[in-house]
Amino acid sequence: MARPADHEILLTSRPLDEYCGLFGLTRAALAAVDGPVLDCPGGAAGLTAEARALGCHVIAADPAYAAPLPAVTARALAGRDAMAGAMLAAPQLYPDPRHLRPERYLRSWDRARRLFAADTAAHPEDYVAAALPRLPFADRTFALTLSSYLLLAYPGLFGPRRQLAGLLELVRVTADGGEARIYPLHDGAGRRCPHLDELRRALGRHRVASEIRAFPRPGDGRTRRILVLTHAGAGNRRPPGSPSR
Ligand SMILES: C[S@@+](CC[C@H](N)C(=O)[O-])C[C@H]1O[C@@H](n2cnc3c(N)ncnc32)[C@H](O)[C@@H]1O
């Protein structure tokens with residue numbers, strides 16, 4: 001499959017509460033994380049800004065931040081419009097409208113995008129231009145690492161070898177006893193990553209422990225699954241509020 005150029009990847013602007021729903025977190029759990037959190041890719045999410053208000057320090061990393069802020073927010077607005085079209089075209093892939101009406105969902109993105117813009121202007125040091133599979137952070141820096149809608153979602157950009165390199169990089173920057181959480185396990189058309197078991201075996205050979213963790217998706221209670229990676233043999237200091245295995 002042809003590899004899409006970076007600009008073909010949607011730049012999305014999810015709020016903190018949506019992130020919590022993606023990763024099985026709560027606001028209280030985020031506030032209790034003992035150390036910095038990495039969000040890679042950060043996109044134009046409200047996470048860093050909203051977590052700051054909870055006393056949680058989130059560093060966002062994304063190659064998009066190499067561009068001037070107005071260009072990033074313009075891409076995020078285009079991403080929001082693309083999402084509006086996608087929700088209309090394939091509603092089965094998105095939150096059940098009985099629980100979250102599309103216009104309300106899109107308004108939450110608009111708010112997150114505005115928070116992102118204000119926070120980036122106020123705290124540029126927390127938005128780092130960087131691209132997987134190589135991040136400019138020291139080993140074991142982050143107590144919790146979050147990565148949504150990239151490595152397994154865009155198989156045209158990240159084939160199996162680059163996926164493995166990206167996953168290993170996310171674990172490298174995660175502290176002993178911390179976790180790297182990855183969502184989704186499927187691509188944009190809802191197809192589950194066909195070589196996930198093979199990827200997990202390869203991670204194991206690099207001394208990375210992996211787990212598929214399931215929890216109820218907020219709103220409709222359907223099962224959501226994330227990939228959770230840790231340094232094999234590291235002490236188990238799971239972020240507070242983690243759902244049980
Ligand atoms: C669909 S957005 C996901 C953003 C956010 N994590 C979320 O869940 O809304 C995909 C992001 O990946 C970024 N991206 C593209 N290539 C990347 C790479 N090699 N490493 C890290 N981020 C990348 C894009 O700039 C874009 O912001």
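Whatever comes next refers back to the structure up there.
Now for a quick tour of the structure. Remember, it's a predicted structure, so these values are computed and weren't measured experimentally.

## Regarding unusual backbone geometry
Across the chain, the bulk of peptide bonds are trans and the bulk of non-glycine residues have phi less than zero.
1) Next: Look at the link from cysteine 40 to proline 41: it is a cis peptide, with omega at 10 degrees.
2) Next: Residue placement: proline 41 occurs in the loop between strand 1 (37–39) and helix 3 (47–54).
3) Next: Residue proline 184 is reached from tyrosine 183 by a cis peptide bond, and omega for that bond is 0 degrees.
4) Next: Within the fold, proline 184 resides in the loop between strand 5 (174–183) and helix 7 (196–205).
5) Next: The phi angle at arginine 140 is positive, at roughly 55 degrees, despite the residue not being glycine.
6) Next: By relative accessible area, arginine 140 is classed as partly exposed at 41%.
7) Next: For arginine 207, which is not glycine, the phi torsion reads 60 degrees and is therefore positive.

## Let's talk about the pairing of strand 2 (residues 58–61)
1) Next: Where burial is concerned, the two faces of strand 2 agree: the one with Val58 and Ala60 and the one with Ile59 and Ala61 are both buried.
2) Next: A crossover links strand 1 with its parallel partner strand 2, the connecting element being helix 3, and its sense is right-handed.

## Observations regarding the site of the ligand
1) Next: Near the ligand there are 21 residues, and of these Thr12, Arg14, Pro41, Asp62 and Ser148 occur at the shortest range.
2) Next: Contact distances for the ligand include 2.6 Å between a nitrogen atom and a backbone N or O atom of proline 41.
3) Next: At 2.8 Å, a backbone N or O of leucine 132 approaches a nitrogen atom of the ligand.
4) Next: When the free accessible area of the ligand is taken as 600 Å², the share hidden by the protein chains comes to 98%.

## Considering the packing of aromatic side chains
In this description, an aromatic ring pair is defined by two values, namely the gap between the centres and the angle between the planes.
1) Next: In this structure the tally under the stated criterion is seven aromatic pairs.
2) Next: Ring geometry for tyrosine 65 and tyrosine 127: centres 5.7 Å apart, planes at 80 degrees, overall edge-to-face. Of this pair, tyrosine 65 sits in the loop between strand 2 and helix 4 (69–89) while tyrosine 127 sits in strand 3 (residues 127–128); the two residues are 62 residues apart in sequence, bridging distant segments of the chain. As far as burial versus exposure is concerned, tyrosine 65 and tyrosine 127 are alike and both buried.
3) Next: An aromatic cluster of at least three residues, connected via ring pairs, comprises Tyr65, Phe116 and Tyr127.

Quick notes on the rules
- Residues numbered from 1 in each chain as written.
- Predicted model: local features only at pLDDT ≥ 70, side-chain atom pairs only at ≥ 80, totals over all residues.
- Heavy atoms only, no water.
- Helix = DSSP H or I, 4+ residues; strand = E, 2+ residues; numbered from the N terminus.
- Buried < 20%, exposed > 50% of the residue type's maximum accessible area, 1.4 Å probe, protein only.
- Right-handed = clockwise from strand over helix to strand, strands pointing away.
- Near = heavy atom within 4 Å.
- Polar contact = N/O pair within 3.5 Å; in protein donor to acceptor, adjacent residues only side chain to side chain.
- Areas by Shrake-Rupley, 256 points an atom, 1.4 Å probe, with all protein chains shown as cover.
- Phe/Tyr/Trp six-rings, centres within 6.5 Å; stacked < 30°, edge-to-face > 60°.

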